[in-house]
Amino acid sequence: MKFIDAIKERAKQNKQTIVLPESLERRTLDAACTLLSEELVDVVLVGEREAILKAGEGLDLGKAKIVDPATFEGMDQYVAELVKLREKKGMTPESARKILSTDPLFFGVMMVKQGDADGMVAGAVNSTANVLRPSLQILKTAPGTKLVSSFFVMVVPDCTYGSNGTFIFSDAGLVQNPSAEELASIAGSSAKSFKALVGDEPIVGMLSHSTKGSATHPDVDKVVEATKLAQEQYPEFKIDGEFQLDAAIVPSVGQSKAPGSPVAGNVNVLIFPDLDAGNIGYKLVQRLAKAEAYGPITQGIAKPVNDLSRGCTAEDIVGVAVITAVQAQNMK
Ligand SMILES: CC(C)(COP(=O)(O)OP(=O)(O)OC[C@H]1O[C@@H](n2cnc3c(N)ncnc32)[C@H](O)[C@@H]1OP(=O)(O)O)[C@@H](O)C(=O)NCCC(=O)NCCS
Ligand SMILES: CC(=O)OP(=O)(O)O
């Protein structure tokens, strides 16, 4: 079964409620319509009812719950909770009410925080920073995790590399200049995410412009150090590096450039050395190899809030919403 079809089946088995706060945006409303008609998740839309229905003209949004912050009965509670969480950072009741009334992203994250939704998906019109900042501020990290990072699930057509063409690319969305310690943490989190979502054994490659010492540079040293830390911290996973991309995923190149490595040539979890490489890398594979690209999906956050590329399609939003639902199931 295709990756996304398997995720849809899992989402259906225990339906979760996903808030889509970019509720005036046509691709989001198309996705909401599909999510509802295929009974994949329950959908909450945020904003003024008439405006949302006008934006979704021709779509059946009858089963969507629409919550308008202007008339929301629980607003006082949300304001009090936001002040409690952020007063040390200068949040007052007035500023909390203003943010929650005017910014659907903050409102959506508060719905998740308060248990009125199980997860949130946005980013079809908002930048990644604007989508993820409220969730980092309000939801914080999951127990036992210091660093929130993100990944894409990439499904490459007609590809035998990785897990029959399915990969995780990380971090392609959030952590801008990871240290060696942060890269090691991203590797461990990504291995767990691969197991939880794809189901196969994760095989993690730490990427570089060098394979096993073929180049020397402080950037290479960082990946070498990250590999050592990740191997120490996550002995339950197969992790190795530093690898160039071909040595990581092509068995014959892996054998010739990194002989003896049990990981080289078989990698399905690609850990990029920084966000430039990760973000450019996923877009190259998405656009030139016509891969499905679901994300950025966050990992290490207390409840699931996931982002999209502004270049996404309605189908991508459906995919990220069902992945969010499965993450929510796993966190309960
Ligand atoms: C996500 C992002 C906005 C966070 O930026 P930031 O400047 O640290 O944001 P803030 O300072 O407002 O941080 C908010 C809170 O989250 C915490 N935080 C930030 N990044 C975190 C992370 N990776 N893990 C855990 N907590 C994090 C901060 O410590 C802060 O906590 P506090 O306010 O309770 O003290 C930033 O990392 C970013 O812009 N990343 C790149 C996004 C991007 O453009 N991607 C390319 C397209 S996908
Ligand atoms: C993930 C990503 O690159 O997002 P955007 O295309 O919206 O910047």
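Residues numbered from 1 in each chain as written. Chains lettered and ligands numbered in written order. Predicted model: local features only at pLDDT ≥ 70, side-chain atom pairs only at ≥ 80, totals over all residues. Heavy atoms only, no water.

Convention followed: UniProt positions are given in the numbering used here, feature names are shortened, and annotations may be inferred rather than shown by experiment.
The chain has the name Phosphate acetyltransferase in an unreviewed UniProt entry, where Anaerotalea alkaliphila is given as its organism. Per UniProt, the chain carries the Sequence similarities (unreviewed entry) text "Belongs to the phosphate acetyltransferase and butyryltransferase family."

## Examining the sheet that holds strand S9 (residues 269-271)
We count it as follows: Note: two strands are recorded as paired if DSSP finds a minimum of 2 bridges between them. A run of H or I in DSSP counts as a helix once it spans at least four residues, and a run of E counts as a strand once it spans at least two, with each numbered from the N terminus. Only the contacting stretch of a helix is used when fitting its axis, a line to C-alpha atoms as for every element, and angles between N-to-C directions run 0 to 180 degrees. Contacts are assigned to residue pairs with any non-hydrogen atoms lying within 4.5 Å of each other.
The six strands are arranged S8-S7-S9-S6-S5-S10 in an open sheet whose pairing can be described as mixed. The outermost strands of the open sheet, each flanked by one partner alone, are strand S8 (238-243) and strand S10 (292-299). On average, each strand axis in the sheet is inclined to that of its neighbour by 25°, with strand direction left out of account. Looking at chain direction, strand S5 (residues 149-155) and strand S6 (residues 166-170) are connected through five bridges and run antiparallel. Counted as the bridge partner of Val-153 is Ile-168 from S6. Strands in contact with helix H13 (residues 275-288) are S5, S6 and S10; relative to S5, the strand with the most contacts, it is inclined by about 20°.

## Looking at the site of ligand 2
Rules: Neighbouring residues are identified by heavy atoms, a residue being near a molecule or strand if any of them is within 4 Å of it. For the purposes of these results, a polar contact is taken to be a pair of N or O atoms within 3.5 Å, where, inside protein, one atom must be able to donate a hydrogen and its partner to accept one; residues adjacent in sequence count only when each atom of the pair is a side-chain atom. Values of accessible area rely on a 1.4 Å probe in the Shrake-Rupley scheme; residue burial ignores everything except the protein chains shown.
Around ligand 2, the surrounding shell consists of Thr-128, Phe-152, Asn-279, Tyr-282, Lys-283, Pro-296, Leu-308, Ser-309 and Arg-310. Between ligand 2 and Ser-309, the relevant distance is 2.7 Å, taken from an oxygen atom to a side-chain nitrogen or oxygen of the residue. Burial of ligand 2 by the surrounding chains reaches 87%, relative to a free accessible area of 260 Å². Top element by residues in the shell around ligand 2 is H13. It accounts for three residues.

## Topic: the sheet that holds strand S1 (residues 17-20)
The sheet built from five strands is open, its strands ordered S3-S2-S1-S4-S11 with parallel pairing. Of all strands in the sheet, those bounded by a partner on one side alone are strand S3 (65-67) and strand S11 (305-306). As paired elements, strand S4 (residues 119-121) and S11 share two bridges and run parallel to each other. Across the sheet, Val-121 pairs through a bridge with Asn-306, a residue of S11. Of the strands in this sheet, S1, strand S2 (42-46), S3, S4 and S11 are in contact with helix H6 (residues 104-113), which crosses S4 at around 155°.

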